[in-house]
Amino acid sequence: MLELFGSGLVTLWLNMAGLNTTEVDTAQLMAWRGVPLFALSSATDPAAEIAMRQYLKGLSAKGAVTASQGVWLQSGAVTLANHQGTIPIPAASLTKIATSVAALETWGPAHQFETLIGATGPIKNGVLQGDLVITGSGDPFFVWEEAIAVGNALNKRGIRQVNGNLVIVGNFYMNYQSNPVLAGQMLKAAFNPRLWPRDAQYLYNLMPSGTPKPQIAIAGGVKVLTPPSPVSQVDFGGFPKQILLLRHHSMSLAHILKEMNIYSNNEMAEMLANSLGGASVVAQLGAKSAGVPQQEIQLINGSGLGVENRISPRAACGMLMAMERYLQPHNLTVADLFPVAGRDRRGTMAYRQLPPGTIIKTGTLREVSALAGVVPTRDRGPVWFAIINKGSNVDNFRTQQDIIVQKLVKQWGMAPTLPVALAPSPGTSDAPKHLGEPARNEIISGVQVPF
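Just so it is clear, the structure is predicted and the values come from calculations on it, not from any experiment.

Novice: I'd like a description of the overall build of the chain, backed by residues and values.
Specialist: Across its full length, the chain carries 12 helices and 18 strands. Each of the 451 residues in the chain was classed as buried or not, and the buried ones make up 54%. Accessible area for the chain stands at about 19,200 Å²; split by element, carbon and sulfur atoms hold 54% of it.

Novice: Please set out the environment of Gly-121 residue by residue, giving values where relevant.
Specialist: Examined against the element boundaries, Gly-121 turns out to sit in the loop between strand E4 (114–119) and strand E5 (123–124). Relative accessible area serves as the criterion here: at 13%, Gly-121 is assigned to the buried category. Separated by 43 residues in the primary sequence, Gly-121 and Gly-164 have C-alpha atoms spaced 9.3 Å apart. With near-sequence residues (within four places) excluded, Gly-121 lies in contact with Leu-128, Gln-129 and Gly-130.

Novice: Quick rundown of unusual backbone geometry? Include the residues and the values.
Specialist: Of note in the backbone geometry, Gln-84 takes a positive phi value of approximately 55° without being a glycine. Structurally, the position occupied by Gln-84 is in the loop between strand E2 (78–83) and strand E3 (89–90). Phi at Asn-175 is positive, roughly 50°, even though this residue is not glycine. On the secondary structure map, Asn-175 appears in the loop between strand E9 (166–171) and helix H6 (180–190). Taking the relative accessible area as the measure of exposure, Asn-175 reaches 18% and is therefore buried.

Novice: Please set out the sheet that holds strand E10 (residues 217–218) residue by residue, giving values where relevant.
Specialist: With mixed pairing, the four strands of this open sheet are ordered in space as E5-E6-E8-E10. Two strands close off the open sheet at either side, each with one partner strand: E5 and E10. Pairing geometry for E5 and strand E6 (residues 127–128), over two bridges, is antiparallel. Each bridged residue has a counterpart across the sheet, and for Lys-124 the counterpart in E6 is Val-127.

Novice: Lay out the environment of Gly-373 in plain terms, naming residues and giving numbers.
Specialist: Within the element layout of this structure, Gly-373 appears in strand E16 (residues 368–377). As a C-alpha pair, Gly-373 and Lys-361 span 12 residues in sequence and 6.1 Å in three-dimensional space. Excluding residues that lie within four positions of it along the chain, Gly-373 makes contacts with Leu-320, Ile-359, Ile-360, Val-383, Trp-384 and Phe-385.

Novice: Describe the sheet that holds E16, with residues and values.
Specialist: The five strands lie next to each other as E2-E1-E17-E16-E15, forming an open sheet whose pairing is antiparallel. What marks the edges here is a single partner per strand, and that holds for E2 and strand E15 (359–365). When strand polarity is set aside, the average angle formed by the axes of neighbouring strands in this sheet is 5°. Running at roughly 20° to E2, helix H3 (residues 46–61) makes contact with strand E1 (70–75), E2 and strand E17 (381–390) of the sheet.

Novice: How would you summarise the side chain of His-83 if you had to cite specific residues and measurements?
Specialist: Looking at the secondary structure, you find His-83 in strand E2. Within the structure, the side chain of His-83 is placed 3.5 Å from the backbone oxygen of Gln-69, a separation counted as a polar contact. In this structure, His-83 is in contact with Met-52, Leu-56, Thr-66, Gln-69, Gly-70 and Val-71, ignoring residues within four places of it in sequence.

Novice: Give me the pattern of salt bridges: which residues, what numbers.
Specialist: Under the defined criterion, the tally for this structure stands at nine salt bridges. Its salt-bridge partner being Arg-53, residue Glu-49 comes within 3.5 Å of it at the nearest N-O pair. Within this pair, Glu-49 and its partner Arg-53 are both found in helix H3, separated by four residues, close to a single helical turn. Residue classification places Glu-49 among the buried residues on the basis of a relative accessible area of 15%. Here Arg-378 and Asp-379 are joined by a salt bridge, their closest N and O atoms 2.8 Å apart. Residue class for Asp-379 comes out partly exposed when judged on its relative accessible area of 46%.

Novice: Explain the packing of aromatic side chains to me, and be specific about the residues and the numbers.
Specialist: Aromatic rings considered in pairs are described by the distance between their centres and by the relative angle of their planes. Applying the stated criterion across every chain, the model contains three aromatic pairs. Considering the side-chain rings of Trp-196 and Tyr-204, the 5.3 Å spacing of their centres and the 50° angle between planes classify their relative orientation as tilted. For the pair formed by Trp-196 and Tyr-204, the shared burial category is buried.

Novice: Before we move on, could you go through the confidence of the model for the chain and cite the residues and values that matter?
Specialist: Mean pLDDT over the chain stands at 86; residues scoring 70 or higher make up 82%. Under a pLDDT of 50 for its full length, residues 1–37 has, in the predicted model, 58 contacts with residues more than four places off or in other chains. The model gives residues 230–240 a pLDDT under 50, and that stretch makes 17 contacts with residues more than four places away or in other chains.

Novice: Lay out the side chain of Thr-99 with the relevant residues and their values.
Specialist: Residue placement: Thr-99 occurs in helix H4 (residues 95–107). Those residues within four positions of Thr-99 in sequence are excluded, and the remaining contacts are Ala-269, Leu-272, Ala-273, Leu-276, Val-282 and Gly-302.

Novice: Could you give an account of the packing of helix H10 (residues 279–290) against helix H11 (residues 313–327), naming the residues involved and the relevant values?
Specialist: Packing of H10 against H11 leaves a shortest axis separation of 8 Å and a crossing angle of 75°. As summarised for this structure, H10 and H11 are arranged roughly perpendicular, according to the angle between their axes. Mapping the contact onto sequence places Gly-286, Ser-289 and Ala-290 in H10 and Ala-315, Gly-318, Met-319, Ala-322 and Arg-325 in H11. Split into classes, the residues belonging to the contact of H10 with H11 amount to four nonpolar, three polar and one charged.

Novice: Which residues make up helix H12 (residues 394–412), and what values do they have?
Specialist: With 19 residues, H12 should cover 27 Å at 1.5 Å per step; its first-to-last C-alpha distance of 27 Å lies within 8% of that length. Among all positions in H12, only Val-394, Asn-396, Phe-397, Gln-401, Asp-402, Ile-404, Val-405, Leu-408, Val-409 and Trp-412 are buried. Turning to H12, the residues buried within the fold contact H3, E1, E2, E15, E16 and E17. Just past H12, the residue Gly-413 takes up positive phi, approximately 85°.

Novice: Describe the pairing of E15, listing the residues and the values that go with them.
Specialist: Here E15 lies mainly inside the structure; six of its seven residues are buried. Pairing between E15 and E16: seven bridges, direction antiparallel. Bridged to Ile-359 within E16 is Val-374. Counting the residues between successive antiparallel strands, the hairpin from E15 to E16 contains two residues.

Criteria and cut-off values
Residues numbered from 1 in each chain as written. Predicted model: local features only at pLDDT ≥ 70, side-chain atom pairs only at ≥ 80, totals over all residues. Heavy atoms only, no water. Helix = DSSP H or I, 4+ residues; strand = E, 2+ residues; numbered from the N terminus. Buried < 20%, exposed > 50% of the residue type's maximum accessible area, 1.4 Å probe, protein only. Areas by Shrake-Rupley, 256 points an atom, 1.4 Å probe, with all protein chains shown as cover. Contact = heavy atoms within 4.5 Å. Pairing = 2+ DSSP bridges. Axes fitted to C-alpha atoms, helices over the stretch in contact; angles between N-to-C directions. Polar contact = N/O pair within 3.5 Å; in protein donor to acceptor, adjacent residues only side chain to side chain. Salt bridge = Lys/Arg side-chain N within 4 Å of Asp/Glu carboxyl O. Phe/Tyr/Trp six-rings, centres within 6.5 Å; stacked < 30°, edge-to-face > 60°. pLDDT = per-residue confidence, 0-100. Parallel < 35°, antiparallel > 145°, perpendicular 65-115°, else oblique. Nonpolar A, V, L, I, M, F, W, Y, C, P; charged D, E, K, R; others polar. Expected span 1.5 Å × (residues − 1).

In structure tokens form, the structure reads like this:
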């Protein structure tokens, strides 16, 4: 019967019988593919229950308070194990699951942030007679390589010098720095190899052989302006108009989320959350996607820094499952947004001992350790799990989280092949994709836009 709910046949039969399925309480339903997100079955799996009780007993023996731990295991529409699974608990960087699903459902996986580069004067003999204007839209992954590519594109546009200032407008971030003055100073340095710090030179050396170094000297300083909203056609800040020189498009949102989650980058998560409207918006979108009551996701930011960020284990699983369903029509999976054991050996996955193919998100604070994700099993199919621990022995929490996942896989067996719904998309790999691709720099000629 549980499989029939997931197929949609029960809804069809109820409608044929004259029952309005919109009146069914969605809090009593859990869909595997596409509908609600609460578990249909209250029955649990004996093996999962035993493993969970042993896990909690082992933590208690080490001094952890059982009441401060949360566990939720689910396969399809069936809850396999539950210990305080509906109670919001300090979740650390599991908060980034909420930020990810909110960004994904707001913008879509192919979304690219656009950075506009313009000039307030003409270009004469390689010299821009005016200011170089950078208008940001919140790209959280604009880094040294991106800046180098932009500088090279401006060189192709004929610019070698700027006799004015570097003007920052809007939400422009660089190297995860949200302060516009500091971000602007780094961009100014990126355009001139004589000013490169050691890390810029190192990353340049990793770019494809033959990549040119930009050569742009900016005479002035960094100036930050806040445009009116919406930007009007009237004079603003002393500059009536600018000539649009270049549109720079970010990596896709799917790739940005993957990098953010692999390294659990707090700055990127905060930038995305701010662009979405803040922590309250992220929490609302996360709860809606997971189909859980709003109180199960309580956030003060988009990164997870601070014990005030609280998420129930059930909500963490629900949001992951929501992303899995959302991504299918786009030929993507959650493996394209989160690290995969045995494949992604960077970031927070580097020192975990999890079964190959397990897709995870970690979370760590001084007294919080969390692990959520999905493991493909032979007998139970994809098993979604969230384990949130609170206490002082964080290292032990991490070790025991890995052990309980290993035990469950030993009990149910590992899937002989990775399900298509969980497999990374073709063409992806452990290595980060090349940044700063020239194809994402669209050179514009002679277009005037309001400042």
